[in-house]
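Residue-level listing of the chains:
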Amino acid sequence: MSQSNQELMARRKQAVPRGPFNTAPFFAARARGARVTDVEGRDLIDFAAGIGVMATGHNHPKIVEAAKRQMDDFVHTCFHVVPYEGYVRLAEELNARTPGTHEKKTMFANSGAEAVENAVKVARAYTNRPGILCFDNAFHGRTLLAMTLTSKISPYKHGFGPFAPEVTRVPYAYCYRCPFGACGPESCSLECAENLKQAFINEVDPTSVAAIIAEPVQGEGGFVVAPPAFLKRVQEIGAEHGILFIADEVQSGFGRTGHLFACEASHVVPDLMTMAKALASGFPLSAVTGRADLMDTPQVGGLGGTYAGNPVCIAAALATLEVLDEERLVERARETGKVVKARFDAMAQKYDLIGDVRGLGLMMAMELVTDRKSKAPATAETAKVAALALEKGLLLVKAGTYSNVIRLLPPLTIGPEDLAEGLDILEEAIAAVAGDL
Ligand SMILES: Cc1ncc(COP(=O)(O)O)c(C=O)c1O
């Protein structure tokens with residue numbers, strides 16, 4: 001008989017520091033599809049999917065089987081010692097599937113942060129420039145450079161300086177809170193993109209900038225969807241100065257947005273792209289895909305890592321791509337996203353607590369405010385909604401600079417019953433909290 005959640009939490013507190021946070025106060029025993037069961041047998045609907053990782057659903061049999069088969073053959077040789085075909089095959093797949101028909105190459109790493117670090121290394125090696133431009137509200141990971149590129153001070157940066165040099169931050173196209181006050185519902189002058197020119201006068205010499213890194217849909221920042229023209233304009237302005245464009249698709253990639261990659265929605269072909277999360281359905285794997293001439297700049301031995309591109313993770317990723325195709329997950333994200341959007345819009349009609357409904361595909365969110373006019377972030381209320389939902393059996397994750405965004409990242413495979421049940425619970429939680437306002 002396993003220990004209770006309470007007993008396990010007491011042990012966790014004793015043995016593990018508080019830094020690695022927990023959303024749920026219970027421990028997982030089993031997970032299948034869009035449901036997680038805890039050690040006491042309680043079954044929850046999962047709208048978090050391990051932060052968007054389990055896009056194919058928990059323990060998809062085909063993916064588990066592929067990983068097991070690889071483990072029977074070999075678990076690890078280190079690609080730098082003895083290479084294996086799967087690494088090359090997955091690189092070929094990503095070269096073919098990422099935007100752009102130009103020649104590309106792909107390398108693998110273990111986490112999203114590592115992919116970001118490697119993309120920056122490649123960009124610096126190619127341009128021979130040190131600078132990186134990033135955006136407000138961005139999240140790129142927790143390693144030194146990735147943390148520096150990340151924008152939210154607490155909890156991600158507080159106490160962890162000094163930070164990496166040569167990083168400049170500029171406003172993102174956060175239309176609901178337009179940093180230039182220029183956005184109306186139907187109008188956008190794209191001042192946020194044109195502002196780059198100003199940054200090149202006031203903040204940083206463009207001839208010292210290697211790359212601009214952007215999330216096509218900001219993830220941890222609260223599912224902020226840039227208008228399609230924004231990314232294109234940013235890329236153009238950068239290109240005028242020989243600056244590369246890195247699309248960070250760690251959270252938005254692999255069908256989540258109803259496109260295989262979110263930058264397809266903006267018709268942007270990045271020079272370099274970072275991927276992780278849903279790539280290998282829970283096995284730790286990340287990738288950098290980019291123009292072949294860029295990717296080949298770093299010297300032999302300049303890129304890599306002991307576990308980077310582990311064969312079991314690679315096998316899981318190859319199976320994940322097959323599942324994406326066979327189960328039409330990109331289209332399903334678009335279809336299910338429409339159902340969620342309609343439900344969110346209907347909730348926004350009823351509850352003033354919901355200030356904004358936004359997203360792309362099945363990367364949908366609602367931003368909660370205590371007052372629609374001032375848009376004052378409803379941070380405490382958002383925490384209450386998430387806690388109430390959890391009590392009622394729905395696992396949710398928050399996001400946003402002010403932690404006032406409820407974001408939905410269910411498996412793309414979620415069925416209509418689980419989806420409807422989860423949305424009902426979310427609405428009950430919102431209604432309860434909105435009633436308290
Ligand atoms: C856009 C983006 N980039 C990078 C990362 C960092 O990924 P990891 O936590 O795997 O290092 C994340 C994680 O949430 C992310 O959303």
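Before any of the text, the structure's been laid out above.
What comes next is a walk through the structure. Given the structure is predicted, the values throughout are model-derived calculations rather than measurements. (Residues numbered from 1 in each chain as written. Predicted model: local features only at pLDDT ≥ 70, side-chain atom pairs only at ≥ 80, totals over all residues. Heavy atoms only, no water.)

### Some points on the packing of aromatic side chains
Now for step 1: Taken as a whole, this structure holds 10 aromatic pairs when the rule is applied.
Now for step 2: Centroid distance Phe 79 to Tyr 87: 3.6 Å. Interplanar angle 10°. Geometry classified as stacked.
Now for step 3: Among the aromatic side chains, those forming a connected cluster through ring pairs are Phe 74, Phe 79, Tyr 84, Tyr 87 and Phe 108.
Now for step 4: Seen from the ring of Phe 163, Lys 157 lies directly overhead, with NZ or CZ sitting 5.2 Å from the centre.
Now for step 5: Lying across the ring of Tyr 176, Lys 375 places its NZ or CZ 4.4 Å from the centre. (Phe/Tyr/Trp six-rings, centres within 6.5 Å; stacked < 30°, edge-to-face > 60°. Lys NZ or Arg CZ within 6 Å of the ring centre and 35° of its normal.)

### Comments concerning the sheet that holds strand β10 (residues 244–248)
Now for step 1: Here seven strands make up an open sheet; going across it, the order is β4-β12-β11-β10-β7-β5-β6 and the pairing mixed. A strand with exactly one partner marks an edge of an open sheet, and here the two such strands are β4 (104–109) and β6 (167–170). In this sheet, adjacent strand axes meet at a mean angle of 20° when their direction is disregarded.
Now for step 2: Running at roughly 125° to β4, helix α4 (residues 85–97) makes contact with β4, β11 (272–275) and β12 (286–291) of the sheet. (Pairing = 2+ DSSP bridges. Helix = DSSP H or I, 4+ residues; strand = E, 2+ residues; numbered from the N terminus. Axes fitted to C-alpha atoms, helices over the stretch in contact; angles between N-to-C directions. Contact = heavy atoms within 4.5 Å.)

### Overview of the sheet that holds strand β3 (residues 43–46)
Now for step 1: Taken in spatial order, the four strands of this open sheet run β1-β2-β3-β16, and their pairing is mixed. Two strands in the sheet have a free side with no partner beyond their single neighbour: β1 (28–32) and β16 (394–395).
Now for step 2: Two elements, strand β2 (residues 35–38) and β3, share three bridges in a ladder whose sense is antiparallel. Looking across to β3, one finds that Arg 35 is bridged to Ile 45.

### Describing the pattern of salt bridges
Now for step 1: Following the criterion strictly, the structure yields 26 salt bridges and no others.
Now for step 2: Between Glu 428 and Lys 392 there is a salt bridge, with its nearest N and O atoms 3.3 Å apart. Of this pair, Glu 428 sits in helix α14 (residues 416–436) while Lys 392 sits in the loop between α13 (379–391) and β16, placing them 36 residues apart in sequence.
Now for step 3: In this structure Lys 392 comes out as partly exposed when scored by relative accessible area, which is 36%.
Now for step 4: Residues participating in the shared-partner salt-bridge network are Arg 35, Asp 43, Asp 418 and Glu 421. (Salt bridge = Lys/Arg side-chain N within 4 Å of Asp/Glu carboxyl O. Buried < 20%, exposed > 50% of the residue type's maximum accessible area, 1.4 Å probe, protein only.)

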